[in-house]
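Each chain, written out:
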Amino acid sequence: QVQLVESEGGLVQPGGSLRLSCVASGSFFSIGLMGWYRQAPGKQRELVATITSGGSTNHRDSVKGRFTISRDNAKNTVYLGMNSLKSEDTAVYFCNANGRDYDNIVKNYWGQGTQVTVSS
């Protein structure tokens, strides 16, 4: 089992910055692909960015150049650096990860979500 715990989001002014973190804990052999998703009110959850254990990243077009996903494998932690925030970035942000257990079974896990509000 893997537990994902995100850092607190917050209220940020347009153009501001924020960094989210998510720590994976529990009993597992390894953590594979990690990512961030977000869900705005009345909208479907959407992928923001992913990062493999080897560090290969993928960002959705609307955040390219503004958001950066990174990870620290030794700490089982994934980060999302967010710059030049816009009102349309307002959403609940969710951490996601694939965890491999000691029976070599891979399962997908979600964090509880953290609110990011961009407003003046």
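Look up: the structure comes first, before these words.
Computed from a predicted structure; not experimentally measured.

J.: Would you take a moment to explain the pattern of salt bridges for this structure?
T.: A side chain with one charge can pair with a side chain of the opposite charge if their charged atoms come near. Scanning the model with the defined rule gives five salt bridges in all. A salt bridge links Arg38 to Glu46; the nearest nitrogen and oxygen atoms lie 2.7 Å apart. According to the relative accessible area criterion, Glu46 is partly exposed, its value standing at 26%. For the salt bridge of Asp89 with Arg66, the shortest nitrogen-to-oxygen distance reads 2.8 Å. Remark: Arg66 occurs in the loop between strand E6 (57–59) and strand E7 (67–72) and Asp89 occurs in the loop between strand E8 (77–82) and strand E9 (91–100); sequence separation between them is 23 residues. In this structure, Asp89 and Arg66 share a single accessibility class: buried. If you follow the salt bridges from partner to partner, you end up with Arg38, Glu46, Arg60, Arg66 and Asp89 in one network.

J.: Can you walk me through the pairing of strand E11 (residues 114–118) in this structure?
T.: For a regular strand, side-chain orientation follows a simple rule: the groups alternate between the two sheet faces. Only one face of E11 is covered, namely the face carrying Thr114, Val116 and Val118; the face carrying Gln115 and Thr117 is uncovered. Two elements, strand E2 (residues 10–12) and E11, share three bridges in a ladder whose sense is parallel. Looking across to E11, one finds that Leu11 is bridged to Thr117. Relative to E11, E9 runs antiparallel, the two being bridged by three bridges. Bridge pairing links Tyr93 to Thr114 in E11.

J.: Just to check I follow, could you spell out the nonpolar core for this structure?
T.: Looking at soluble globular proteins, one finds that nonpolar side chains tend to be buried together. Within the largest apolar cluster, 29 residues are counted, with the highest numbers of intra-cluster contacts made by Trp36, Leu80, Met82 and Tyr93. Mapped by element, the contributors of at least two residues to this core are strand E1 (2–6), strand E3 (18–26), strand E4 (30–39), strand E5 (46–51), E7, E8, E9 and E11.

J.: Explain the sheet that holds E3 here, please?
T.: Within a sheet, neighbouring strands are paired by backbone hydrogen bonds and run either parallel or antiparallel to one another. Strand order in the open sheet formed by four strands is E1-E3-E8-E7, with antiparallel pairing between adjacent strands. For this open sheet the edge positions go to E1 and E7, each flanked by a neighbour on one side alone. Across this sheet, the average inter-strand angle for adjacent strands is 15°, counted without regard to direction. Sheet topology places E3 next to E8; six bridges connect them, and they run antiparallel. Directly across from Leu18, in E8, lies its bridge partner Met82.

J.: Looking at this structure, I do not really get the environment of Ala24. What am I missing?
T.: On the secondary structure map, Ala24 appears in strand E3. With 76 residues separating them in the primary sequence, Ala24 and Arg100 have C-alpha atoms 12 Å apart. Beyond its immediate sequence surroundings of up to four residues, Ala24 is in contact with Val2, Gln3, Leu4, Ile31 and Asn76.

J.: I would appreciate a short explanation of unusual backbone geometry in the present structure.
T.: A negative phi angle characterises most non-glycine residues, just as the trans form characterises most peptide bonds. With a phi close to 50°, Asn76 is a non-glycine residue in the positive phi region. Checked against the element boundaries, Asn76 lands in the loop between E7 and E8.

J.: Help me understand the packing of aromatic side chains, please; the structure alone is not making it clear to me.
T.: Geometrically, a pair of aromatic rings is defined through the distance of the ring centres and the angle of the planes. Taken as a whole and judged by the stated rule, the model has three aromatic pairs. A ring pair is formed by Phe94 and Trp110, whose centres lie 6.4 Å apart and whose planes are at 85°; its orientation type is edge-to-face. Here Phe94, found in strand E9, pairs with Trp110, found in strand E10 (residues 106–110); they are 16 residues apart in sequence, far enough to count as distant. Judged by relative accessible area, which is 10%, Phe94 ranks as buried. You can call Trp110 partly exposed: its relative accessible area is 38%. Taken together, the ring pairs in this structure connect Tyr37, Phe94 and Trp110 into an aromatic cluster. Directly above the aromatic system of Phe94 lies the positively charged group of Arg45, at a separation of 3.7 Å from the ring centroid.

Rules used in this analysis
Residues numbered from 1 in each chain as written. Predicted model: local features only at pLDDT ≥ 70, side-chain atom pairs only at ≥ 80, totals over all residues. Heavy atoms only, no water. Salt bridge = Lys/Arg side-chain N within 4 Å of Asp/Glu carboxyl O. Buried < 20%, exposed > 50% of the residue type's maximum accessible area, 1.4 Å probe, protein only. Helix = DSSP H or I, 4+ residues; strand = E, 2+ residues; numbered from the N terminus. Pairing = 2+ DSSP bridges. Core = buried A, V, L, I, M, F, W, Y, C linked by side-chain atoms within 4.5 Å. Axes fitted to C-alpha atoms, helices over the stretch in contact; angles between N-to-C directions. Contact = heavy atoms within 4.5 Å. Phe/Tyr/Trp six-rings, centres within 6.5 Å; stacked < 30°, edge-to-face > 60°. Lys NZ or Arg CZ within 6 Å of the ring centre and 35° of its normal.

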